[in-house]
Amino acid sequence: MRIPGVFRSLRGFNYRLWAAGALVSNVGTWMQRMAQDWLVLTQLTQHSASAVGLVMALQFGPQLLLLPWTGFAADHFNQRRLLIATQAALGALALILGALTVAGVVQLWQVDVLAFLQGCAAAFDAPVRQTFVAELVGDEDLPNAVALNSTSFNAARMVGPAVAGVTIAAIGTGWAFVINGASFIAVLISLFRLRVCELRPNPRAARAKGSFLEGFRYVRGRSDLKTILVMLFLIGTFGLNFPIFTSTMAVGVFHADARAFGLLSSIMAIGTMLGALMAAGRDRIGFGSLLLGAGVFGLGCTLGALAPSYWLFAGALVVIGVAALTFTNATNSLMQLSTEPSMRGRVMALRIGIALGGTPIGAPIVGWVADNFGPRWALGIGAASGFAAAIVAAGFLVRQSGRAEADKRRSA
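Residues numbered from 1 in each chain as written. Predicted model: local features only at pLDDT ≥ 70, side-chain atom pairs only at ≥ 80, totals over all residues. Heavy atoms only, no water.

K.L.:
Report on the environment of Asp75, specifying residues and quantitative values.
P.N.:
Take Asp75: it is sitting in helix 4 (residues 67-76). Given a relative accessible area of 2%, Asp75 falls into the buried group. For the pair Asp75 and Ala349, spaced 274 residues apart in the sequence, the C-alpha separation amounts to 9.7 Å. (Helix = DSSP H or I, 4+ residues; strand = E, 2+ residues; numbered from the N terminus. Buried < 20%, exposed > 50% of the residue type's maximum accessible area, 1.4 Å probe, protein only.)

K.L.:
Summarise the packing of aromatic side chains; cite the residues concerned and give the values.
P.N.:
With the rule as written, the count across this model stands at nine aromatic pairs. Each residue in the set Phe254, Tyr310, Trp311 and Phe313 is aromatic and connected to the rest through ring pairs, giving one cluster. Sitting over the ring of Trp30, Arg33 keeps its end group 4.7 Å from the ring centre. (Phe/Tyr/Trp six-rings, centres within 6.5 Å; stacked < 30°, edge-to-face > 60°. Lys NZ or Arg CZ within 6 Å of the ring centre and 35° of its normal.)

K.L.:
Now, about helix 10 (residues 223-238): what can you tell me, with residues and values included?
P.N.:
Here helix 10 is 16 residues long and its end C-alpha atoms lie 23 Å apart, about the 22 Å a rise of 1.5 Å per residue gives. All buried positions along helix 10 are accounted for by Asp224, Leu225, Thr227, Ile228, Leu229, Met231, Leu232, Leu234, Ile235, Gly236 and Thr237. (Expected span 1.5 Å × (residues − 1).)

K.L.:
Please provide a residue-by-residue account of the environment of Leu337, values included.
P.N.:
As for its position among the elements, Leu337 is in helix 14 (residues 310-337). Taking the C-alpha atoms as reference points, Leu337 and Ile189, 148 residues apart in sequence, are found 29 Å from one another.

K.L.:
Quick one: what's the story with helix 4, residue by residue and with numbers?
P.N.:
Here helix 4 lies mainly inside the structure; seven of its ten residues are buried. Regarding helix 4, the residues found buried are Leu67, Thr70, Gly71, Ala73, Ala74, Asp75 and His76.

As structure tokens, this is what we get:
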């Protein structure tokens with residue numbers, strides 16, 4: 001069977017199996033994200049964006065808090081076995097939250113605790129899941145596989161929130177968590193059924209004292225990686241707060257119900273999936289993609305902040321989705337392909353820690369702004385983060401061009 005170039009990673013059995021299991025699990029994950037925001041915003045508080053921000057901070061804070069151990073684990077342990085452990089833990093925690101909610105005894109502090117525990121499991125899961133893709137397809141198809149992973153994640157994002165909205169309206173919020181917990185069975189089955197003999201194991205780093213600091217030293221010596229991490233910090237901290245942006249705009253500005261809130265997340269996923277498919281079709285990714293993604297992200301947030309109606313806001317979310325995916329996919333592929341294989345786990349853990357670990361700083365600030373000045377001003381912060389990141393990328397490209405010109409003159 002001939003597979004088009006945009007889907008070329010699917011030629012391999014292992015990647016097809018992994019992608020199928022991940023798609024099912026991703027649908028459940030997006031159901032939980034939407035349901036958790038709705039639970040906190042409308043059932044456990046009186047529309048408190050700050051409470052949503054605190055849950056986000058607890059859920060993403062461990063990405064930075066556990067950074068010394070997560071990168072070490074990704075570079076030193078068997079990645080397939082580590083994924084089995086983290087995916088099983090995430091499924092179990094979702095089932096616990098579902099049981100508490102279905103039983104009608106869930107409280108805000110319980111959501112906070114479970115969000116933190118989910119964050120701890122996800123902190124170990126994320127870097128190994130991203131670097132494990134190279135074991136499935138090899139370096140040649142790595143950018144394509146990364147883009148297809150994002151396509152799957154965002155295809156699920158189109159379905160999951162909409163299904164969650166219907167589920168909440170029909171049978172209650174708790175069942176969305178239960179369905180998510182059950183969905184992890186699919187990815188666990190795929191991990192157990194992989195053809196281990198066909199994997200392309202990344203070189204395992206030698207266990208040595210100071211190996212975590214070695215990752216920092218490696219990045220410190222690379223101006224390109226440092227620039228990417230600065231951009232990630234800006235957009236990850238102040239821009240990628242979509243649960244706050246969409247929930248407060250939906251409830252506070254457009255007075256939407258659960259179905260309409262879920263639909264906004266699904267509409268945004270149209271943009272992110274388009275961005276992922278565009279990335280999958282590219283053979284090469286450079287800093288130009290980072291500059292474009294960051295600039296359009298800022299523009300999309302600006303349009304969203306100024307949107308006078310629900311549907312115009314939904315249209316702005318499509319723009320934001322394309323831009324966010326273009327930016328995040330470019331950072332993923334650039335950092336993996338330009339990093340030594342034995343260092344990838346630590347570098348990717350640092351990437352994820354910077355991108356998501358800033359959430360404990362940004363989410364409470366954005367939530368406070370939404371509560372005190374309105375959701376539109378919160379989106380304005382997201383817009384500023386995109387424009388600031390674009391300026392950082394432009395500065396790097398100018399310096400790089402200047403160095404190339406200087407080298408050309410010296411060689412002449």
